[in-house]
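What follows is each chain in one-letter form.
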Amino acid sequence: MEKTKDFVDWQNLANKELKDKDLRKHYWETPEGIIVKPLYTEEDVKNLNHKIGLPGLPPFTRGPRATMYTNRPWTIRQYAGFSTAEESNKFYKEGLKNGVMGLSVAFDLATHRGYDSDHPRVLADVGNAGVAIDSIEDMNLLFEGIPLDQMSVSMTMNGAVIPVLASFIASGEEQGCSREKLTGTIQNDILKEFMVRNTFIFPPKPSMRIVADIIEFTSKQMPRFNSISISGYHMQEAGANQVQELAYTLADGKEYIKSALERGLNIDEFAPRLSFFWSIGMNFFMEIAKMRAARFMWSEIVKEFNPKNNKSLALRTHCQTSGVSLMEQDAYNNIVRTTIEAMAAVMGGTQSLHTNSFDEALALPTNFSARIARNTQLILSEETGICNVIDPLAGSYYLESLTSNIVEESKKLIKEIDEVGGMVKAIEMGIPKMRIEESSAKKQARVDSKEETIVGVNKYKPTEKQEINILSIDNDEVRKKQISRLKDLKQNRDNNLVKSYLEKIKNVASGAGNLLEVCIEASKNRCTVGEMTLAMESVFGRHNLSTKTISGVYGKAIKNDGKVDLIEKELDKFIKENGRRPRMLVVKMGQDGHDRGAKLIATAFSDLGFDVDIGPLFQTPEEAAVQAIENDVHVIGVSTLAAGHKTLVPLLINELKKNDAEYIKVICGGVIPPDDYPFLNDLGVAKVFGPGTNIQEAAIEIVKIL
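Quick notes on the rules
Residues numbered from 1 in each chain as written. Predicted model: local features only at pLDDT ≥ 70, side-chain atom pairs only at ≥ 80, totals over all residues. Heavy atoms only, no water. Pairing = 2+ DSSP bridges. Helix = DSSP H or I, 4+ residues; strand = E, 2+ residues; numbered from the N terminus. Contact = heavy atoms within 4.5 Å. Axes fitted to C-alpha atoms, helices over the stretch in contact; angles between N-to-C directions. Polar contact = N/O pair within 3.5 Å; in protein donor to acceptor, adjacent residues only side chain to side chain. Core = buried A, V, L, I, M, F, W, Y, C linked by side-chain atoms within 4.5 Å. Buried < 20%, exposed > 50% of the residue type's maximum accessible area, 1.4 Å probe, protein only. Parallel < 35°, antiparallel > 145°, perpendicular 65-115°, else oblique. Left-handed = near helix turned anticlockwise from the far one by under 90°. Nonpolar A, V, L, I, M, F, W, Y, C, P; charged D, E, K, R; others polar. Right-handed = clockwise from strand over helix to strand, strands pointing away. Salt bridge = Lys/Arg side-chain N within 4 Å of Asp/Glu carboxyl O. Patch = residues over 30% accessible without salt bridge, like charges linked within 9 Å, V, L, I, M, F, W, Y side chains within 5 Å. Areas by Shrake-Rupley, 256 points an atom, 1.4 Å probe, with all protein chains shown as cover. Expected span 1.5 Å × (residues − 1). Phe/Tyr/Trp six-rings, centres within 6.5 Å; stacked < 30°, edge-to-face > 60°.

Visitor: I would appreciate a short explanation of the sheet that holds strand β7 (residues 225-226) in the present structure.
Guide: Two modes of strand pairing occur in sheets, parallel and antiparallel, and in both the strands are linked by backbone hydrogen bonds. Strands sit in the order β7-β6-β5-β4-β3-β11-β10-β9-β8 across an open sheet of 9 strands; the sheet is parallel. The open sheet has two edge strands, β7 and β8 (228-231), and neither has a second partner. Pairing between strand β10 (residues 316-321) and strand β11 (residues 352-354): 3 bridges, direction parallel. Within β11, the residue paired with glutamine 320 across the bridge is histidine 354. Against the sheet, helix α5 (residues 161-175) makes contact with β5 (152-155), β6 (183-186) and β7, and its axis sits at roughly 160° relative to β5, the strand it touches most. Running at roughly 165° to strand β3 (residues 75-80), helix α13 (residues 367-383) makes contact with β3 and β11 of the sheet.

Visitor: Can you walk me through the environment of arginine 526 in this structure?
Guide: With respect to the helices and strands, arginine 526 occurs in the loop between α19 (515-524) and α20 (529-540). Taking the C-alpha atoms as reference points, arginine 526 and asparagine 495, 31 residues apart in sequence, are found 8.9 Å from one another. For arginine 526, the residues in contact, after removing those within four places along its chain, are Ile136, Glu137, Asn140, Glu174, Leu489, Arg493, Val498 and Glu531. In terms of polar contacts, arginine 526 uses its side chain to reach the side chain of glutamate 174, at 2.7 Å.

Visitor: Looking at this structure, I do not really get the nonpolar core. What am I missing?
Guide: A general tendency of soluble globular proteins is for nonpolar side chains to be buried together. Core analysis: the largest hydrophobic core is formed by 77 residues, its most contacted members being Leu250, Trp278, Trp298, Ile406 and Met423. Take this core: its biggest share by element is 11 residues, from helix α11 (residues 284-303). Not counting chain neighbours up to four residues away, the residues in contact with isoleucine 406 comprise Ile34, Val243, Leu246, Met286, Ala289, Lys290 and Ala293.

Visitor: Sorry, what's going on with the packing of α5 against α20 here?
Guide: How two helices pack is summed up by the angle between their axes together with the distance between the axes. The interhelical angle for the contact between α5 and α20, taken along N-to-C directions, is 140°, at an axis separation of 9 Å. One finds that α5 runs oblique with respect to α20. In the packing of α5 onto α20, the handedness of the crossing is right-handed. Contacts from Ile162, Pro163, Val164 and Ser167 of α5 reach α20 at Val529, Met532, Thr533 and Met536. Broken down by class, the residue content of the contact of α5 with α20 amounts to 6 nonpolar, 2 polar and no charged.

Visitor: Sorry if this is basic, but what is going on with the side chain of histidine 354 here?
Guide: With respect to the helices and strands, histidine 354 occurs in strand β11. Among the residues examined, histidine 354 registers a relative accessible area of 3% and is labelled buried. Not counting the four nearest positions on each side in its chain, histidine 354 is found in contact with Arg77, Gln78, Tyr79, His318, Cys319, Gln320, Thr321 and Gln377.

Visitor: Sorry, what's going on with the sheet that holds strand β13 (residues 611-614) here?
Guide: Strand order in the open sheet formed by 5 strands is β13-β12-β14-β15-β16, and the pairing between neighbours is parallel. The strands lining the two open edges of the sheet, one partner per strand, are β13 and β16 (687-689). Here the strands of the sheet are splayed against their neighbours by 20° on average, with no regard to which way each runs. Sheet analysis places strand β12 (residues 583-587) next to strand β14 (residues 635-640), joined by 4 bridges and oriented parallel. Directly across from valine 586, in β14, lies its bridge partner glycine 637.

Visitor: Would you mind showing me how to read the pairing of β3 here?
Guide: Every other side chain in a regular strand lies on the same face of the sheet, so the side chains alternate between the two faces. Sheet topology note: the β3/β11 ladder contains 2 bridges and is parallel. For isoleucine 76, the partnering residue across the bridge sits in β11 and is leucine 353. Here 4 bridges tie β3 to strand β4 (residues 102-105), and the two strands are oriented parallel to one another. Note that in β4 the partner of glutamine 78 across the bridge is leucine 103. In the classification by handedness, the crossover that spans β3, the intervening helix α2 (residues 85-97) and the parallel β4 is right-handed.

Visitor: Any chance you could explain the pattern of salt bridges here in plain terms?
Guide: As a working rule, side chains carrying opposite charge can pair if their charged atoms are close by. Enumeration according to the criterion identifies 49 salt bridges in this entry. One salt bridge connects arginine 62 with aspartate 391, and the closest N-O pair in it is separated by 2.9 Å. With arginine 62 in the loop between β2 (35-36) and β3 and aspartate 391 in the loop between α13 and α14 (397-419), this pair connects stretches of sequence that are 329 residues apart. As far as burial versus exposure is concerned, arginine 62 and aspartate 391 are alike and both buried.

Visitor: Teacher, can you tell me more about a nonpolar patch on the surface here?
Guide: A cluster of nonpolar side chains, namely Met282, Val336 and Ile340, defines an oily patch on the protein surface of about 230 Å² accessible area. Secondary-structure assignment places valine 336 in helix α12 (residues 333-347).

Visitor: How should α14 be read in this particular structure?
Guide: In an α-helix there are 3.6 residues to a turn, and that puts residues three or four apart on one side. The end-to-end C-alpha distance of α14 is 33 Å, a good match for the 33 Å that 23 residues give at a rise of 1.5 Å each. Once α14 ends, the next one or two residues include glycine 421, with phi positive near 105°.

Visitor: Please clarify how the environment of lysine 646 should be interpreted in this entry.
Guide: As for its placement among the helices and strands, lysine 646 is situated in helix α25 (residues 645-658). Put simply, lysine 646 and leucine 680 are 34 residues apart on the chain and 7.7 Å apart in space, counted from C-alpha to C-alpha. Look past the residues within four positions of lysine 646 in its chain and what remains in contact with it is Asp676 and Phe679.

Visitor: Help me understand the packing of aromatic side chains in this model?
Guide: One pass over the full model with this rule turns up 16 aromatic pairs. Relative to phenylalanine 618, the ring of phenylalanine 200 lies with its centre 6.3 Å away and its plane at 85°, an arrangement referred to as edge-to-face. Highlighted residues: phenylalanine 200 in the loop between α6 (190-197) and α7 (204-221) and phenylalanine 618 in the loop between β13 and α24 (621-630), separated in sequence by 418 residues. With respect to class, phenylalanine 200 is no different from phenylalanine 618; both count as buried. Plain terms: the ring middles of phenylalanine 358 and phenylalanine 368 are 6.3 Å apart, the flat faces sit at 90° to each other, and that makes the pair edge-to-face. On the criterion of sequence distance, the pair formed by phenylalanine 358 in the loop between β11 and α13 and phenylalanine 368 in helix α13 is long-range, its members being 10 residues apart.

Pasting the structure below:
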């Protein structure tokens, strides 16, 4: 920076106020490795590596529409789904009456993984973390009384995307809404599933073929429907920093463009209807800069494919406030966090937004908490004046400098992906997954060391207990209803016709043709989601993931404030008494693929001196018990996020009893309502750890329990 007289005067004044002679001590290094100075001036924006431009024009840094919110505010979406289709339908209609403009459907984990509700592997998953959809009959009930030719519907679906989208299209047509009139988005982003979320079904190659089938079909037959929502959200939720989220999401987008072009599609046929999905966390300005950098960079990336239509260059996005920033402790703080994150999404120029409910670190949102979340957006939209000015923060010295930094750092990661042959190859090599897990471990170490403050968790802890009403789903009752409906469906359909359509699906999967097209007809003839998935699985196979974990990252990043020494003393005592270190098996049971918590515990406890094994994803309680006994562990750590603990943990404990292995302790961690702690303790669970638990303190407790 050129040292003008004004700047020298400011520096002298600042040093006097700070009582030191080196302002660099007050620089902040972000988790992305970007250095943030205490003051920005016009000198910082003289050599930007991005073009600011104007809204609605390439490179769209200031937004994809010329008038942005001054003409039409962002779409207020409600991401919801639970229990049966009838219950979710009631919830949707209530939201629509109270300001929701578009529906975003959350499916249960059984549906995500392509299992019907009567499958033995989904005992705890039916209707718990989303709505159960087994067939077109469920889809008809889900949208009963909701005119699909007037309502935009977004669906978060990736693994079972073909049968679910087919059922939606078939349901719309039975309602009288032709496929040409359907409006909305299907997530259809399978690459990020292999990186972080893990609700995949088929291996990468056939999964990419499915993505291309959907892009091709929707481009030709569904002009108002977005064929893919390329998602960085789940990366940040898994621990990625904002630069990683941005770079890997854009790299995924490049891969999908190549896949569609290989089909012979023209870039301008499909690129204008590609959309994106970002997580919005608590680093306010970083999130705004990320979204502006994303639009600039995507415009540059798509330009490489020589589009003729400017709309092909525009990045349009949905945003959701962060789930991982929600805390069980002092939970009403989450309302404030969500408001800040929502403001960042809006200032960053999102096209639609879902705001999380404050109680989602405890359980599914109630009507009460969902209303607060909805009203947060309504207040921002209608009371603040934010919608009166287009991109109000553009030109800010700090924001433009930060945008430039993010562009620079993101390009480095995209270059790394390009150099190994693209994102599919990088995923096969495990590069993005490893980088994200490293970032997650470093973040946890900063929080545990109190270098990063979370109010109410590691600082300013509440002294009084808060009573919060939560929503509880009777998973067993939902499953019984779904099984009964499936039984009726199979009794009343033409089963010979069903068999013929399942054979057609197998033939298309193993040869030429479009899988979505054949599955729409199969759905109309009452083939189920599970049956269509199984037909494809017989050709493609079902994908499994390795359970590798990183090591050393948490241990290097953790600040030793005495707890590490205490853990070492406790471990020494244990080793003297038992002749070996404590051994833990970390398990994820049921169909929940979100393994951030499990991987974090595995790597952190290993760094702290435990012997740690990690079970494969999607284990049954029986499989987990067998692995624990064979590996001769002292404790099983159950990681749970999807409300299956009341079904799966009792089954696990029963399996240990059956095998005379009650000496193996069971602990639980994750999103578990505090009201369920006594239930788990009565079963014999030694300890329950909620979100925000300090890992070092947990390690001390566990050694003492053992």
